[in-house]
Amino acid sequence: MNSPYRESQEVAPARKAPERLECALHDGEKGRWVRAMIVKAWLTLTVVALLWFRGTYLVAIFAALVGLLWALRDYRSRRGTNVVFCVQNDRVSVELRDGKSLDFALDDLLEVQLDTRARSKNVTMARGDGLNTIFGAASNLNIDIDVSRIELVFEDNKTTLLDQEFISALLATDHMRSIRLFLRAHGWKPIDERQIAEDEAS
C-alpha cells in the first residue's frame, strides 16, 4: 500500500496588512506625568492650606485653580505625542497630536526620513568624596547627543513634520522604521526604489 510521504497541507493565506499604526513620539518614562502631578498637587495643597489658615480665602481659591490647571497640563500630555497612521484604498490619513490631520495618496509620499541635529546636554559629574553634594556641583560636562524628528517628503521636496519636538535619535529611528514597514505592507515604495524599478523595466 502506497501512501504519500507527506500529507498535503493547505497553504496559509497571506497575512492582511494592518490598517492602523500608532506611534508615541516622546522621550522619558511613561509614568513620569503621574509623579509630576503628585508633586504639583502636594505643592498646591500646601500653598492653599497656608493661605486658608491665614484667612485669605479668595487667594487660596485662586491658588487652587492655578494649581489645578498646572497639573492638568501634565495630564493632557501624559501619552506624549501620538501619531496615528491609517491606510484604506491606497490613501493614507495621519492624525497628529494638535488635532490636525493629513490625507494623501500612498504614491504621493516619496520618503519617510529623519531631521537630525546635535544638541548639547549638561551632565553633572558626581565626586567620589561627596563635596559637590554638600557645596554644590563641582564638575560639569557638556556632551553632544543626536536628536531627531520624523518628516514626510512629498513632491518638490515639500516636507511635513509629524511633530515639532525633537526626541532621541534612537527612538525616532525605531518609529521611522515602523512607519516605513507599515506603509510597505500596503504596497508603498520610496522614490529611489521606484526609479530603480522603472530603469529595470526600460
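Residues numbered from 1 in each chain as written. Predicted model: local features only at pLDDT ≥ 70, side-chain atom pairs only at ≥ 80, totals over all residues. Heavy atoms only, no water.

Engineer: Explain a nonpolar patch on the surface residue by residue, including any values.
Structural biologist: Judged by side-chain polarity, Trp52, Phe53, Tyr57, Leu58, Ile61 and Leu65 come together as a nonpolar surface patch covering roughly 740 Å² of accessible area. With four residues, helix 2 (residues 57-76) is the single largest residue contributor to the nonpolar patch. The topology assignment puts Ile61 in helix 2. (Patch = residues over 30% accessible without salt bridge, like charges linked within 9 Å, V, L, I, M, F, W, Y side chains within 5 Å. Areas by Shrake-Rupley, 256 points an atom, 1.4 Å probe, with all protein chains shown as cover. Salt bridge = Lys/Arg side-chain N within 4 Å of Asp/Glu carboxyl O. Helix = DSSP H or I, 4+ residues; strand = E, 2+ residues; numbered from the N terminus.)

Engineer: Can you lay out the pairing of strand 3 (residues 91-95) for me, pointing to particular residues and giving the numbers?
Structural biologist: As a general feature of sheets, a regular strand has side chains that alternate between the two faces. Only one face of strand 3 is covered, namely the face carrying Val92 and Val94; the face carrying Arg91, Ser93 and Glu95 is uncovered. Examined bridge by bridge, strand 3 and strand 4 (residues 101-105) share five bridges and lie antiparallel to one another. Looking at the pairing, Glu95 lines up with Ser101 of strand 4. (Buried < 20%, exposed > 50% of the residue type's maximum accessible area, 1.4 Å probe, protein only. Pairing = 2+ DSSP bridges.)

Engineer: Explain unusual backbone geometry to me, using residue names and the numbers behind them.
Structural biologist: Located in the positive-phi region is Asn89, a residue other than glycine, with phi close to 55°. Inspection of the secondary structure puts Asn89 in the loop between strand 2 (81-88) and strand 3. Residue Asn89 is classed as exposed on the basis of its relative accessible area of 76%. Look at Asn157: it is not a glycine, yet its phi comes out positive at around 60°. Inspection of the secondary structure puts Asn157 in the loop between strand 6 (140-153) and strand 7 (159-161). By relative accessible area, Asn157 is classed as exposed at 68%.

Without other data, these values stay purely geometric and don't point to any function.
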